[in-house]
Amino acid sequence: MTDLPVVAIVGRPNVGKSTLMNRVLGKRVAIVEEKPGVTRDRKEELAEWAGRSFTLVDTGGWMAGGNQLDQKVSRQSEAAIKSADVVLLVLDATVGLTEEDERVTKLLRRIDTPVLVVANKVDDTSHESLIWELMGLGLGEPISLSALHGRGTGDLLDRIVELFPADPDDAELESGDASSDGPKTTSIALVGRPNVGKSTLFNRLIGEERSVVHDMPGTTRDSVDTVVETEFGNLRFVDTAGMRRKSKIDEDTEYFSMVRALQSVDTADVALLVIDATEGITHQDQRLAERIDGAGCPIIVVLNKWEMLDEEARKEVMYQMGRMLHFLGEAAVLRISALTGRGVHRLLPALADAISQYETRVPTGKLNEMLRRAQQAQPAPHGGRILYGTQGATDPPTFTLFANKDLPSSYLRYIERQIRETFGLPATPVKIRVRRRG
Ligand code: GDP
Ligand code: GDP
């Protein structure tokens, strides 16, 4: 059972760890004593939920600063936490937060393991309000349950299983992508007005790669994609038929190719917006950029035909960039010549970087540490306060902040900047939602 995901249960004595463990294992609750610190040994058991097997480890309490036996227990807990895939921090909602709970929390904030906070002994809904106090830990919204009566334990198990690494057995079923013999294929949309150099760029990009599969059934209807194996993984260029069999472009096809390019953005992981730098940034370029930005995928701006521009023209284009595409923030901007190949080698690393930002997952502990620091440095106006935050989704990174009241957008922009800086997310779209609590 070495490869099974590991779930570590931590918490001070008497909060109900053994009871929870027995509940999860479906055993009848027995041998639980009222005396603190009774469950000393680190117990490991095989458990299963929703078709996933995992190892459940009861870490036997957390008694920092006590006698030698206690210290040994603490070290064991720490080791269990570090090697776990998910940590359950169990708290007793009828008691509220104790100093010991805070000590455990400090450790949990330092590590990257995802943490689920369990507010135990919420035997009926009348206790529900107690859990708001527990949000102050900054480890996310507590899951309230009653280990003794079983209330809420199914929801907890759902949440646990969601956090497991993908099951290798399921990989083939999930991907459904015949071309991906590697781990993952990234979809790229090449977007731009006609004649900016998309086809030239595309042919140069695939010309340099070893393995190219043309005419993959497309991700959008009636389209044809090209898949390329690169050192950055498999890249799927979306809707590329027109780029290889270049035909004369008339008004109609111009319109339709634009419509299709925009559709391809919706299925893409990243978009390359190609701009003809000899014409400067046009309003149509601006509209395309807005559309990509709205689709929520990262964008890389390619200023093509750069070799044609003199010094003054280059300055002018960069000035226009700032004026017309400022809403793209710190998106990567590459100045290249698809015709000569100049600068094209920087494209794949820029793509890989944009994607890794797009897929970033920030550990809840780190996010809340950052939120605390940011609020210390600059508190929200009028007594506003972010109680805690979690990243609900990736692609793009989406953060939910729980606040005591509505926060002004200027303050949210400040928080967004802090998030981008702290977690290295300058070039990906980032979504921030605020929910009111309290
Ligand atoms: P541990 O030391 O953290 O492993 O805690 P135990 O599982 O031994 O539980 C300590 C005490 O809390 C026992 O008396 C349990 O019956 C009680 N307990 C555990 N879960 C619940 C619960 O959900 N509701 C109530 N009311 N009591 C609980
Ligand atoms: P598409 O309609 O966006 O696919 O554009 P094409 O790739 O067909 O290019 C349109 C025209 O621009 C062609 O004549 C290309 O040779 C030319 N072109 C493409 N890239 C460059 C470049 O970097 N520099 C120059 N000077 N011309 C280019």
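Here the structure is a predicted model, which is why all the values come from computation and not from measurement.

Details of the overall build of the protein
Scanning the protein from terminus to terminus reveals 14 helices and 16 strands. The burial tally for the protein puts 49% of its 438 residues in the buried class.

With respect to the packing of aromatic side chains
Following the criterion strictly, the structure yields 4 aromatic pairs and no others. Taken together, a centroid distance of 5.6 Å and an interplanar angle of 75° make the contact between F202 and F237 edge-to-face. Of this pair, F202 sits in helix α7 (residues 198-207) while F237 sits in strand β10 (residues 233-237); the two residues are 35 residues apart in sequence, bridging distant segments of the chain. Its relative accessible area of 3% is what places F237 among the buried residues. Pairing Y388 with F402 gives two aromatic rings, centres 4.6 Å apart and planes at 20°, and the pair type is stacked. Within this pair, whereas Y388 is found in strand β14 (residues 386-393), its partner F402 is found in strand β15 (residues 398-403), the two being separated by 14 residues in sequence. Exposure class is identical for Y388 and F402. Each is buried.

As for the site of ligand 1
Surrounding ligand 1, one finds 17 residues, the nearest of these being N14, K17, S18, T19 and D123. The contact in question runs from a nitrogen atom of ligand 1 to an N or O atom on the side chain of N120, over 3.1 Å. With respect to ligand 1, the side chain of S146 contributes an N or O atom lying 3.1 Å from an oxygen atom. Relative to its free-state accessible area of 580 Å², ligand 1 is covered by the protein chains to the extent of 88%. Counting residues per element, the shell around ligand 1 draws most heavily on helix α1 (residues 17-25), which supplies 3 residues. A per-class count over the shell around ligand 1 returns 5 nonpolar, 7 polar and 5 charged.

A word on the packing of helix α13 (residues 364-377) against helix α14 (residues 409-423)
Two elements in contact, α13 and α14, have axes separated by 10 Å at closest approach and are oriented at 130°. The pairing of α13 with α14 is recorded here as oblique in orientation. Judged by the sense of rotation from one axis to the other, the crossing of α13 with α14 is right-handed. Where α13 approaches α14, its residues K366, L367, M370, L371, A374, Q375 and A377 are matched on the opposing element by Y411, Y414, I415, Q418, I419, T422 and F423. Class assignment for the residues of the contact of α13 with α14 results in 10 nonpolar, 3 polar and 1 charged.

Structural notes on the confidence of the model for the protein
Across the protein, the average pLDDT comes to 79, with 77% of residues at or above 70. Within the protein, helix α6 (residues 171-175) has the poorest average pLDDT of any element, 38, and strand β12 (residues 299-304) the best, 96. Considering only residues more than four positions removed or in separate chains, one finds that residues 28-41, a stretch of pLDDT under 50, has 21 contacts. Counted against residues more than four places away or in other chains, residues 169-182, with its pLDDT under 50, gives 13 contacts.

Some thoughts on the sheet that holds strand β16 (residues 431-436)
In space, the 3 strands of this open sheet follow the order β14-β15-β16, with mixed pairing throughout. Only two strands of the sheet have a single partner each, and these edge strands are β14 and β16. Averaged over all neighbouring strand pairs, the angle between strand axes comes to 25°, with direction disregarded. With 6 bridges joining them, β15 and β16 adopt parallel strand pairing.

What to know about the pairing of strand β3 (residues 52-58)
Burial within β3 is extensive, with 6 of its 7 residues counted as buried. Sheet analysis places strand β1 (residues 6-10) next to β3, joined by 4 bridges and oriented parallel. Bridging from a neighbouring strand, V6 pairs with T55 of β3.

Some thoughts on α13
With 14 residues, α13 should cover 20 Å at 1.5 Å per step; its first-to-last C-alpha distance of 20 Å lies within 8% of that length. Regarding α13, the residues found buried are G365, L367, N368, M370, L371, A374 and Q375. Lining the buried residues of α13 we find α3 (99-110), β14, β15 and α14.

Calculation criteria
- Here, residues in each chain are numbered from 1, in the same order as that chain's written sequence.
- The order in which chains are written sets their letters, starting at A; the order in which ligands are written sets their numbers, starting at 1.
- Reporting in this predicted model follows two pLDDT cut-offs: at least 70 for local features of residues, and 80 or more for side-chain atom pairs to be given and counted; totals over whole chains, interfaces and linings ignore these cut-offs and use all residues.
- For side-chain calculations, the full set of non-hydrogen atoms in the structure is used, while hydrogens and water are omitted.
- Only DSSP runs of H or I with at least four residues qualify as helices, and only runs of E with at least two residues qualify as strands; both kinds are numbered from the N terminus onward.
- For each residue, the accessible area found with a 1.4 Å probe, counting protein chains only, is set against the maximum for its type, and the residue is called buried under 20%, exposed over 50%, and partly exposed in between.
- Any two of the Phe, Tyr and Trp rings considered here, Trp counted by its six-membered ring, make a pair once their centres fall within 6.5 Å; the pair's planes then place it as stacked at under 30 degrees, edge-to-face at over 60, or tilted in between.
- Only heavy atoms are used to decide nearness, and a residue is near a molecule or strand if one of them lies within 4 Å of it.
- Whenever two N or O atoms come within 3.5 Å, that pair is a polar contact, provided that in protein one can donate a hydrogen and the other can accept it, and provided that, for residues adjacent in sequence, both atoms are side-chain atoms.
- Method for areas: the Shrake-Rupley scheme with a 1.4 Å probe, in which residue coverage is limited to the protein chains shown.
- When residue character is reported, Ala, Val, Leu, Ile, Met, Phe, Trp, Tyr, Cys and Pro are called nonpolar, Asp, Glu, Lys and Arg charged, and the others, Gly included, polar.
- Angles here are taken between N-to-C directions and fall from 0 to 180 degrees, while the axes themselves are lines fitted to C-alpha atoms, restricted in helices to the stretch in contact.
- Roughly parallel means an angle under 35 degrees; roughly antiparallel means over 145; roughly perpendicular covers 65 to 115; every other angle is labelled oblique.
- For a crossing to be left-handed, the near helix must be turned anticlockwise from the far one by less than a right angle; the clockwise case is right-handed.
- In this analysis, two residues are considered to be in contact whenever any of their non-hydrogen atoms come within 4.5 Å of each other.
- Per residue, pLDDT captures the predictor's confidence, and it can take any value from 0 to 100.
- Only when DSSP finds a minimum of two bridges between them are two strands counted as paired.
- Expected span of a helix, by definition, is 1.5 Å for each gap between consecutive residues, and there is one gap fewer than residues.

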